[in-house]
Amino acid sequence: MIELIPAIDIIGGQCVRLTKGDYDQKTVYGEPLEMARQFEAIGFQRLHVVDLDGAKSRHIVNDRVLSSLTAETSLTIDFGGGIKTDADIEKAFEAGAAMVTVGSIAVQEPDTCRRWIEQYGAEKMILGADVRHGKISINGWKEDSSEELLPFLRRYIDMGITKVLCTEISKDGTLTGPAIQLYKSVMKAYPDIHLIASGGVSSMDDIIALDEAGIPAVVFGKAIYEGRINLKELWDWQNASYPASM
């Protein structure tokens, strides 16, 4: 069954959403801890947190926000954005992250990522694969690399990575529906990975379509904040559809 993962993106200590990764198209939605508590109260157990300041600055910025989320909720949090050095990844884990998402550094410094996988364990690492025009984007989506998606994933699967967060940047924050064909192609190539779809989710119907397509997990954010998804209804749907798994 599809794993439901609400998302909180952070700029200046506030919960925000961007459109297509554009920092100039930013909407502020309030305090991250308040949102996290709402997710927890409904029954969600996971949370995806992105330090957008960190992604832009190339080092973790909002670790204090992460610390407050992990201290004040029981949510299992994966954290990404700005993890470039040993000090950054240590800071993330010290602030309570259960897992970290690595993207840009996985493109630019594969040997560092290999060492982190060996040091912390592949189960604590999520490979971030942010795609634009078929290429992996880096540094807060401000640059496109020469890396193509499937070979990039293959390299890290061979290192032991099993969890992949794949964002279709052209869909992110647009509420135009997820890139289901892209995710199907990834699952066809690598059926054993835990693929987390991200970008474009606009409604419960989109989540149901991803579930029916066999996508293991989905991250969604803007549809929550814009009132397109009722979290209680979504949680009830999941429980009604798959009661034995809860």
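This write-up is about the structure you can find in this document. By convention here, each chain's residues receive numbers from 1 onward along its written sequence. Restriction of local features to residues with pLDDT of at least 70 applies here, the model being predicted, together with a cutoff of 80 or more for giving and counting side-chain atom pairs; totals for whole chains, interfaces and linings are based on all residues. Each side-chain value is worked out from all heavy atoms of the structure, with water and hydrogens disregarded.

1. Points about the overall build of the protein
So, point 1. Each helix is a run of DSSP H or I of at least 4 residues and each strand a run of E of at least 2, with the numbering of both proceeding from the N terminus. Helix and strand counts for the protein stand at eleven helices and twelve strands.
So, point 2. For the protein, the C-alpha radius of gyration of 16 Å lies close to 18 Å, the compact-globule estimate for 246 residues.
So, point 3. Along the first, second and third principal axes, the C-alpha set of the protein runs to 45 × 40 × 35 Å.
So, point 4. Under the scheme applied here, a residue whose accessible area is under 20% of the maximum for its type counts as buried, over 50% as exposed, and between as partly exposed, the area being computed with a 1.4 Å probe on protein chains only. Put simply, the protein has 246 residues, and 59% of those count as buried.
So, point 5. As displayed, the protein has an accessible area near 10,300 Å², and 46% of this comes from carbon and sulfur atoms. In this setup the radius of gyration rests on C-alpha atoms only. A globule is expected at 2.2 Å times the number of residues raised to 0.38. Computed by Shrake-Rupley with a 1.4 Å probe, the accessible areas treat only the displayed protein chains as cover when residues are assessed.

2. So, unusual backbone geometry
So, point 1. At His133, a position not held by glycine, the phi torsion is positive, near 55°.
So, point 2. When you line up the elements, His133 lands in the loop between β7 (125–132) and β8 (135–138).
So, point 3. Using a relative accessible area of 73% as the deciding quantity, one classes His133 as exposed.
So, point 4. Phi is positive for Leu175, which is not a glycine, with a value near 60°.
So, point 5. On the secondary structure map, Leu175 appears in the loop between β10 (163–168) and α8 (180–189).

3. Observations regarding the packing of helix α9 (residues 204–212) against helix α11 (residues 231–241)
So, point 1. As a rule, the C-alpha atoms of each element are fitted with a line to give its axis, helices using only the stretch in contact, and angles between N-to-C directions run from 0 to 180 degrees. For the pair α9 and α11, the least separation of the axes is 11 Å and the interaxial angle reads 25°. One element, α9, and the other, α11, form an angle in the roughly parallel class. The crossing of α9 and α11 is right-handed. Between α9, through Met204, Ile207, Ile208 and Asp211, and α11, the contact on the second element is made entirely by Glu233, Leu234 and Trp237. Should an angle lie under 35 degrees it is considered roughly parallel, over 145 roughly antiparallel, and from 65 to 115 roughly perpendicular; all remaining angles are considered oblique. Handedness of a crossing follows from how the near helix is turned relative to the far one, being left-handed for an anticlockwise turn of less than a right angle and right-handed for a clockwise one. Residue contacts are counted whenever heavy atoms from the two residues lie within 4.5 Å of one another.

4. Quick notes on the packing of aromatic side chains
So, point 1. Think of it this way: a Phe, Tyr or Trp ring, Trp meaning its six-membered ring, pairs with another when their centres are within 6.5 Å, and the plane angle makes it stacked under 30 degrees, edge-to-face over 60, tilted otherwise. For the structure shown, the criterion picks out four aromatic pairs.
So, point 2. Geometrically, the ring pair formed by Tyr29 and Tyr225 is stacked, given 4.9 Å between the ring centres and 25° between the ring planes. Of this pair, Tyr29 sits in strand β3 (residues 22–30) while Tyr225 is found in helix α10 (residues 222–225), placing the two residues 196 residues apart along the sequence.
So, point 3. When its relative accessible area of 13% is taken as the criterion, Tyr225 is described as buried.
So, point 4. One Lys or Arg, Lys124, reaches over the ring of Phe93 and ends 4.3 Å from the middle of that ring. Whether a charge lies above a ring is judged from NZ of Lys or CZ of Arg, which has to be within 6 Å of the ring centre and within 35 degrees of the ring normal.

5. Description of the environment of Glu34
So, point 1. Inspection of the secondary structure puts Glu34 in helix α1 (residues 32–42).
So, point 2. Taking the C-alpha atoms as reference, Glu34 lies 10 Å from Glu72; in sequence the two are 38 residues apart.

6. Concerning the side chain of Ser137
So, point 1. Residue position: Ser137 is located in strand β8.
So, point 2. Judged by its relative accessible area of 4%, Ser137 falls in the buried class.
So, point 3. A polar contact of 3.4 Å, which involves the side chain of Ser137, links it to the side chain of Arg132. Any pair of N or O atoms that falls within 3.5 Å is considered a polar contact. Within protein, one atom must be able to donate a hydrogen and the other to accept it, and sequence-neighbouring residues count only if both atoms are side-chain atoms.

7. Section: the environment of Ala106
So, point 1. Of note, Ala106 is situated in helix α5 (residues 104–108).
So, point 2. Taking C-alpha positions, Ala106 is 9.2 Å from Lys84, a pair spaced 22 residues apart along the chain.
So, point 3. Contact partners of Ala106, with chain neighbours within four places excluded, come to Cys113, Leu127, Phe152, Arg155 and Tyr156.

8. As for the pattern of salt bridges
So, point 1. In the sections that follow, a salt bridge refers to a side-chain nitrogen of Lys or Arg positioned within 4 Å of a carboxyl oxygen of Asp or Glu. Per the stated rule, a full pass over the model turns up eleven salt bridges.
So, point 2. Between Asp78 and Arg46 there is a salt bridge, with the nearest N and O atoms lying 2.5 Å from each other. Highlighted residues: Asp78 in strand β5 (residues 76–80) and Arg46 in strand β4 (residues 46–51), separated in sequence by 32 residues.
So, point 3. Look at Asp78 and you get buried, because its relative accessible area is 2%.
So, point 4. Notably, a salt bridge pairs Lys232 with Asp236, separated by 2.9 Å at the nearest N-O pair. Taken as a pair, Lys232 and Asp236 lie in helix α11 at a separation of four residues, close to a single helical turn.

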